[in-house]
Every structure is written in C-alpha cells, then in structure tokens.
Amino acid sequence: MPEKKKKPEPTGNHVSVEMEMADMVGKPLGGQVGSHPLPVRKKSSESMTSDPDLYYSVEDLRSEPPPGEPVSNRIRPMLGQGKHEAGALFFKDGYRRIDYVLAYPVPRRKHPVKVEHKPEDDSSAFHPEGEDQKARRRREFEKNLIEAGLDLERDDETKDHGMCFVRLHAPWKVLSQYAEILKIKMPTKKIYEIKERAGIKAKAYALWRKTIRPLQPSAQAKQVDKEPYKHISYTFSRDKEHMFHIESRETFFKPSTRSLVVHEILKRTRYSQKDYAIGITNLIAQGVYTAAYPLHEGEFEGDTNIPPNPRQMLFDEWGSYSKFVKFQPLNLIRNYFGEKIGMYFAWLGLYTKLLIPSSFVGLIVFLYGVFTMDDNVPSDEVCEAYNITMCPLCDRECKYWRLSDSCKSARFSHLFDNEVTVFFSIFMSLWATWFLENWKRKQMELNYAWDLSGFEEEEEQPRPEYEARLVKHRIEQSDKTKTEKKVYVSSILYTVSLSKSIFKDHFEIVELGEEVKLPKKQTLFAVGVSSVTILTMFTVTLAAVFAVIMYRLSVASALAIYPNSGQIVSGTAVTLNLIVILILDEIYGSVAAFLTQLECPRTETEYEDKLIFKLFLLKFVNSYASIFYVAFFKGRFMGRPGQYIYAAPGLRMEECGPGGCLYELCIQLSIIMAGKQLIQNNVMEIGMPKLKKFLRECTCFGLCKERAERAEDKAGPRDTRWEEDLVLEPFSGLSPEYLEMIIQFGFVTIFVASFPLAPLLALVNNVLEIRLDARKFVQELRRPMAERAKDIGIWYNILKGITKISVIVNAFVIAITSNFIPRTVYQYMYSPDGSLHGFIDWSLSTFNVSDFEPGSEPRDNRSLGEVVQFCRYRDFRDAPWEAEPYKYNLAYWHIFAARLGFVICFQNVVIFLKDFIAWLIPDEVKEIKERQRREKRIIMEMLLEEERRMRQHYYATDHHHSNGKISQNGFLENHLASEFASAEEFDANSIETQV
C-alpha cells in the first residue's frame, strides 16, 4: 500500500478540516448534519466535472490540499460566510441557508413501511397511490434534486406519525448557473452619479420631494438619500463574475431570487420512471408532498432592541393601520415578495392615490345636489302635486296614490340626477384615461428601478402540465401504432437547457426548428367545452336575476295592502341579490380554474391570461347583471295601463318606483358595491385565512398536537420556522386581488353617473384594503414564490376595455335612465318661459280607468275618498279623448331623437378628449430614457475595455509559448484563474482553444 501522506499542521489563520467540520456539525468527522449525511460527491466523471465543489466525500476532505490553498477554502463554498442560529433559516450546520421547504405527512402505522422497488405501471400515474409508492417517489425525486445540485436536509421518519420536512439549499454554483439562464440582472461594480437637471422643473421636483418626505416610509426614506448614486445592472454571467458587485456570495442573491431558482428546479425534476412524471406540482396534487414553500424571514413581531428582519419591517411600515397616510415601501415589498407582487401593490397604490381628486369632485357634485335640493323646480312640483292621482303599481291589490307621496324620493333623486352629473361623467371618463397613462409612466419607472428592462426578451418555458400531457399524448400515439418510436420532446431552447438533466435518461432531446404542440382536436374540444360552460354560467346568472325579479313582484303583490311595503321589498330584494352574487362568485372561481386546466395552456402567462379572462367574464356579468337590468330594462317593457305585459299570470312586469329608475339604480349600486367591498374584500380576507389556519393546524397529521405539547413545555424547544409557515394559508395568486379592484374600477367608472360618491367609497375601501392585504401577506399567508413581471399583464387591457365601456354606458344612463334629456327638451322646446315650471305635468300621460282590462282594476275605486275617473302615468302618449288614444305623441319622438343625438355626441366628444389626453401625457419618462441610454453606453465601454485588456494579456503571453503551446504556469493561466471565482470554471487544458 502506498504510504499515507502526513497532513500539514495548521499555521496562522488556517484551520484543519477536522477542526472546521467539528465546529460545523458538533461531531467528529464523518458524522451527520442533523439526520442527513453531508452531501457526498459521486465518483463519476460526469458529476466531478459538472459540479465539483458542491459534493464532498470524506476522502476528499481528508486529502492534502494543494500547495498554497487554505484548507478552509475547500469547504467555504458549501458552508457560507458565517455561522447562524440553527433551526431558524439555516441548516443544522448553521451555515447553509434554507431556500425552500417540502412537507409531507407520515401516517399513523403499527409497523414501519418497507419500501420495495417495484416496477411502476402507467395506469396509476394520476391515481391515489399507497404510502409505499409515495415514499418511492419522494426518494427518487429527492435523489434527482441532489443530482441537480441542491443540498438537502430532512427529518427522521422514525416517529409514529406527524409531518416530515425536507429543507433545500441552493449553493452558489446552482444560483449562478440559473441566474445566467434566467437572465437576472445584478448590480455591477460600476457606479455612476445620477445628476439632476437644473432649472425651474428640477427645483419644483426637489421641493415636491421635500414636501412628501414625511409620507415616505422610514426604510424608503433612507434609500431616497442614496438615490444620486446607482450601481449599473447587467445580466449575470459566470464568465464575467468579476464585473459584479459581490461583497458576499451568501448575500449577493436575494432570498426571493434564491427561492425562484429552487422553484425552477422543482418544476423540472422527475419523480419516477414514468415518462410524464415531472414536477413538484404533480407531486402535491397526488399527495406525495403536502406543500412546497419558501420560508418567511423570521417572526413578524419581535424584540425592538434588535435590528428588525425584513418581515418585521414590512409589518411595521406596511401593515400598520396607524401609517395609512404613508406611501407603501415598494422596494421592500419587491425584495421580499418579488416583482410581480410588488407591481400589483404599486398599481393599487397609484389607483388609490388618483382616487383622491375624483372623490373630491364627486363629493362636490353630491354637495351641489344637497344645496340645490330645495330650489329644484321639478322636485317642488312633485311635492305640491296633491291633486294628481297616479295609476296603481300592480293589479287588483294596489291602490291609487297621490304624486305628492313620492316627495322624499324625488328630493333624494335630485342629489344624483342634476345638471352637474353630465360633466362629472365626462370628468370620470377622462380621469380613467389619465390614470392609465400615469400607470404606464409609473410602470416604466419601476422597470428601470427594479432592473426589469429587457425582461420581455426572454422566451417563456412550457408548463410542466403541458409537457406531461404532450409526452403522454406521444406515448399513446406510439402504443396505438405498435411501432417502436422514440419520444422527441421539442421545446424552446430555454426549456431544453433546464430539462436536459431531467429527460436525458429516457428521451432523446432534439432541438427542432418547429415546436411540437398538442393536437388541434384536443385544443378545440377544450375550447368548445369552455365556451359552452361559460354560456351556461351566463344563463345561470340571468336566471338568478330573473328569480330576484319574481321575488320582488310576488312579495310586492302580497304586501301591497301595507304602507311602505315598497321600501321593504326593494331592500330585501337587493340584499338577496347581493347574497346570490357572493355565492356565484365563489362558484365561478372554481369553474374558471377547472376550464383553464382543461384547456392546458402552454406557458404560465397563457394560463394566467386564460384564467383571468374567464374569471373576468363570469364575475363581470354576475356583478353587473342586476345593475344593467335596473338601468336599461326595468320599466321599459311594461306596457301601459290597460295593456300591461305580464312576466307570469297575475304578475305584470315591474315599473320604476315613484322616485324614478335612477333613484333605484343608485340604491342598487351603493348596496352591491358597499356589500361586496365590506363582506367579500374585507371580512372574508380577514376571517377566511384565520379559519383555514385553525383547521389546518388541527388536520396536519399530529402537528397540532406536537405544537401544543411544546407550548405547554416552556423549557422545551420552540416551533421551527417551517412548522409555523406550514399552517399558514397557501398563496393562491394575485388574480382574486386584481379582480376585486377591477370590479370596483367598473363601479367607479361605468355607472358613476348614477352614484357620484362611488369614488369616495372606493377610496375609503382601498386605504383599508392596502393595510389588510399587507397584514394578510405578511402574517396570514405562506411566503409566495418570488416571480418577475414587467407589467400587470392582461389586466391593463381589461382596464382599457372598461374605460371604453364606461363611456358608452354613462352616455346611455344619462340619456335613458335619468330625466336629463326630457328636462332639456321641455326647457328649450315646450316651456313657455324657458324654465322647468310645468315639467311634471307635461311628462305625465292620462288614462281613463274605464279602459282597464277586466280583473286588473283596483278593488277599491274610492281609496282616495272620491271616485277616480282618470289617473296619470309616466309616459308620453296621447290622451284618451284624442283621435288615436294612447298613441306616442310628438314629444316622445322629440325626446327619442334628442337621446340618440346625445349618445352620439357624448361618445365622440369624450373619446376625442380621451385620445387627446393620452397623446398629451407621454408614455415614457424622458429622464429615465436618457439614464438607460447612458447606462447602456457605460456597459458597452466597460465590456470593450474588458475585451481590450484581455487581448493585451493574451499578446503578453507570447514569451511563455513552448512548442506552440502555452505553459500551464504562464501569465494567461494565472490571470484567468484569478478572474474566475471558482476553480471549476477554469480549465487549463482549454486555454489553447480559447486563444
């Protein structure tokens, strides 16, 4: 046997491997980290060359280090820069950070489960498996994760039952590799000063920043002070690692970026020999794992004497109700939750801020109606119309009534149906365009500040579900033809680069020019099923509205003999309608998710777009169907006295109440909007996560019992971070959050002509909504996986569509629902003195009670103390003594033409003004465009300088050539070795090829 070399004694600051390892794990060399052995490098040439510094064997650590290399440097890439508290956010060694956690249940059993490696058949791929099969899949999945480069630490499975956790850590090698693949921009060493322009505009901007400084969060205010200096960001590259501002490899990548990298690996890793067994999503769906999530940064409430962690800072600066007047700490939100969530809260903050001027104008419109209520001529005429007898509102049971009985409702309707309402509708249409244009500018500023420029150039990878269905389809086709075929998985280059380690053992990967897709038959069938289902859901919504109408008609007929029964019927009907809307909203959310899964979109963006579109269609119709009915259909198709139209035998189509249709539209809109915001947006957002957390604690396979025992034993160990995060509510995406605000945006813009206080109500709700969402994200939800996004996606197009719909709807509300057009026609065409005196009498038609259909006349013809011969009703028809009684008169056609002309003029004028405002506000911020050009020029100069310097070094190595080759001790080799951060990235044998 060869003589064993004697290890050198440690000198200076160098420590032996045994000493560092003993300090790391608290055990002699060869021990275990917790219950999982230290990662061991496989003795294969493939693993040695692909990832040499991540996996170490005991023999590697015992061997003598190369001359001049400190022993500690051999394990430092694996362990990190400093030791931390074990069990919090790090492995038990105290060095490696926990980037992701997998949880799975260990069921109660009498005897240990013996895992036998049996061949798996394809038929059980998507069916419930036994625990032994789940254990095999977990082992295969975790083995593939280790091969992908991740470090794992897992719990023992020796306990009787409970939850087991697998903690994942991404070493520097994996992080740097995926940062390059994902094209993540990181700060370089190059710093430049942001010089502000001189002039009046710059001074005004500086004064504005100084004014709003007290509104900035304390953490954000410190960043504003550093704003004049900025690190230039560049897409990360391992070949240019020396160019980046790396103070520490452990902190160079944010925790959100680290979790993003691990999530990409989890999505692409196989878990069995089946060809379509890919990804953590399928494993969770099959019950192999219960959850997969990144950890929160400690507790959200802690000791005030120590520096707060990011979670505490967010809770104090963002989730505190006492700081509702301050801006949101967007940079903290982005660093903790990722750009996608940060973009949503930036949009919500801008929307809430711009609601302030619209709320102020809406309040002025309302106050104008209050102050002019007593001076309104039509309202005065209604209150003084003691001698005008109105026709009954229903058959048989309803009585004749005086027009003066509707005095209060006439006064109330003037608050919203007045001359200023038209101008407020125009203002809100222009405000919506102003908001969207400002958001585009804000979006550009965020893209620049968050280094998202160029993000759209990436090609998005297919979803694991899409790839699984594609491979499954190819396998089925192969089985049908009974020919031996190899399955070619053709995807984009980005997917191939991520998936080679996953598919290489079972598939032949070929990069073809044309991408393989699912057959059109499957796609068309899924789209057809979705279309039919959505139309069916529309029918259900309309049926619900019709059911509420029938309820209103039947109850109104039954309670007609009681006074004030109309208010009771209207109130209960609107409340019932609100309950139906809330119930159908929950059902439609599940239906939209199921239909989108059935269509199996290719990428995550396509999946989200299809899901959002379905959710918006279903919930838009559900939320606004009853409002559209009141605005445009109620009272329009009821007929006239003597010729009523009936919805059912004995139940005629309802007409608007004494206050008019706009009065009922205002009541309907305010109750639905306030109810949805109070119940759905606030109460359910607070209560449901807490309720689900309680239920999850009691159903997590004994975890609740374990935590209760620890709480009783105060001297015992505390709950770990991953156990506390497991019982939190999983993050279900931003679609529900966006959808709430989009529906609210529709209330604010589409029907604002009937309810000018809608912006104020939305403003109050959003101020609370931001703090409630902040507490929910920080306190009640598991930490979401950080995702990148350069905009709000399809929601912008939906907002743009709503602004266009709002112009049309408001035009018709003013023209048809309100009395603005009839009042204007009367004042300028029929009034003898150009005023509104006599308008009420002019707008009412006369009916001879002897013309009632048999069985529809009131039972009591003397309810008002006298025999009624004629009654009045709202319409423009000829009197019964005319040549053609009850025919539409000339005033009806004048009003009809005026309404049509108003709609056309209103739409064209508002659309022209909207386009003018959109042209007036530039989409791009000129200053940011100049900064981007300057940064590109600096980056280009830096790269050219680096290339020039490298060439000079290449030419300087001519005197080291020997027999046409470069000496391995030459200057170029030393320079390259010093430039690259890790030794595995430098291959001395490849220098000749590079030159």
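The model shown is predicted, which means the values in this text are computed figures rather than measured ones.

What counts, and where the lines are drawn
- Residues numbered from 1 in each chain as written.
- Predicted model: local features only at pLDDT ≥ 70, side-chain atom pairs only at ≥ 80, totals over all residues.
- Heavy atoms only, no water.
- Helix = DSSP H or I, 4+ residues; strand = E, 2+ residues; numbered from the N terminus.
- Buried < 20%, exposed > 50% of the residue type's maximum accessible area, 1.4 Å probe, protein only.
- Pairing = 2+ DSSP bridges.
- Axes fitted to C-alpha atoms, helices over the stretch in contact; angles between N-to-C directions.
- Contact = heavy atoms within 4.5 Å.
- Disulfide = S-S within 2.5 Å.
- Salt bridge = Lys/Arg side-chain N within 4 Å of Asp/Glu carboxyl O.
- Phe/Tyr/Trp six-rings, centres within 6.5 Å; stacked < 30°, edge-to-face > 60°.
- Lys NZ or Arg CZ within 6 Å of the ring centre and 35° of its normal.

Asks: Please set out the environment of F360 residue by residue, giving values where relevant.
Replies: Inspection of the secondary structure puts F360 in helix α14 (residues 339-371). You can call F360 exposed: its relative accessible area is 54%. Expressed as a C-alpha distance, the spacing of F360 and L757, which sit 397 residues apart in the sequence, is 9.2 Å.

Asks: Give me the lowdown on the sheet that holds strand β3 (residues 100-106), citing residues and values where you can.
Replies: An order of β4-β5-β3-β8 is seen for the 4 strands of this open sheet, with the pairing classed as antiparallel. Single-partner strands in this sheet number two, and they are β4 (151-154) and β8 (291-293). Pairs of neighbouring strands in the sheet enclose a mean axial angle of 20 degrees, with direction left out of account. The pairing of β3 with strand β5 (residues 162-169) spans 7 bridges and is classified as antiparallel. In the sheet register, V106 faces β5, and the bridge partner there is G162. Across the face of the sheet, helix α10 (residues 255-268) comes into contact with β3 and β5 while running at roughly 50 degrees to β3.

Asks: Give a detailed account of the state of the cysteines, specifying residues and quantitative values.
Replies: Across all of its chains, the model carries 2 disulfides by this definition. Covalently, C383 is tied to C407 through a disulfide, its sulfur atoms 1.8 Å apart. The chirality of the disulfide connecting C383 with C407 is right-handed, given an S-S dihedral of about 80 degrees. On the criterion of sequence distance, the pair formed by C383 in helix α15 (residues 377-383) and C407 in helix α16 (residues 407-414) is long-range, its members being 24 residues apart.

Asks: Account for the pattern of salt bridges, naming residues and giving values.
Replies: The final tally for this structure, using the stated rule, is 35 salt bridges. Note that K323 and E317 form a salt bridge whose closest N and O atoms lie 3.6 Å from each other. One salt bridge in this structure joins K776 and D773, with 3.8 Å as the shortest N-O distance. With a gap of 3 residues between them, K776 and D773 both fall in helix α27 (residues 758-780), about one helical turn apart. The pair K776 / D773 is uniform in exposure class, with both members buried.

Asks: Give me the lowdown on unusual backbone geometry, citing residues and values where you can.
Replies: A positive phi is found at D451, a non-glycine position, where the angle reads about 60 degrees. In this fold, D451 is placed in the loop between α17 (420-449) and α18 (464-481). The backbone of C600 shows a phi angle near 55 degrees, a positive value even though the residue is not glycine. Along the polypeptide, C600 turns up in the loop between α21 (565-599) and α22 (604-632).

Asks: Lay out the packing of aromatic side chains in plain terms, naming residues and giving numbers.
Replies: Applying the stated criterion to the full structure yields 57 aromatic pairs. Judged by centre distance (5.8 Å) and plane angle (65 degrees), the rings of Y826 and F839 are edge-to-face. Of the two residues, Y826 sits in helix α29 (residues 820-830) while F839 sits in helix α30 (residues 839-842), which places them 13 residues apart along the sequence. Owing to a relative accessible area of 5%, Y826 belongs among the buried residues under this scheme. For F839, a relative accessible area of 3% translates into the label buried. Geometrically, the ring pair formed by F916 and W919 is tilted, given 5.9 Å between the ring centres and 35 degrees between the ring planes. Within this pair, F916 and its partner W919 are both found in helix α31 (residues 890-920), separated by 3 residues, close to a single helical turn. For W919, a relative accessible area of 64% corresponds to the exposed category. In this structure, R167 packs its charged tip against the face of W722, placed 4.4 Å from the ring centre. For R877, the ring lying beneath its charged end belongs to Y888, and the centroid distance is 4.2 Å.

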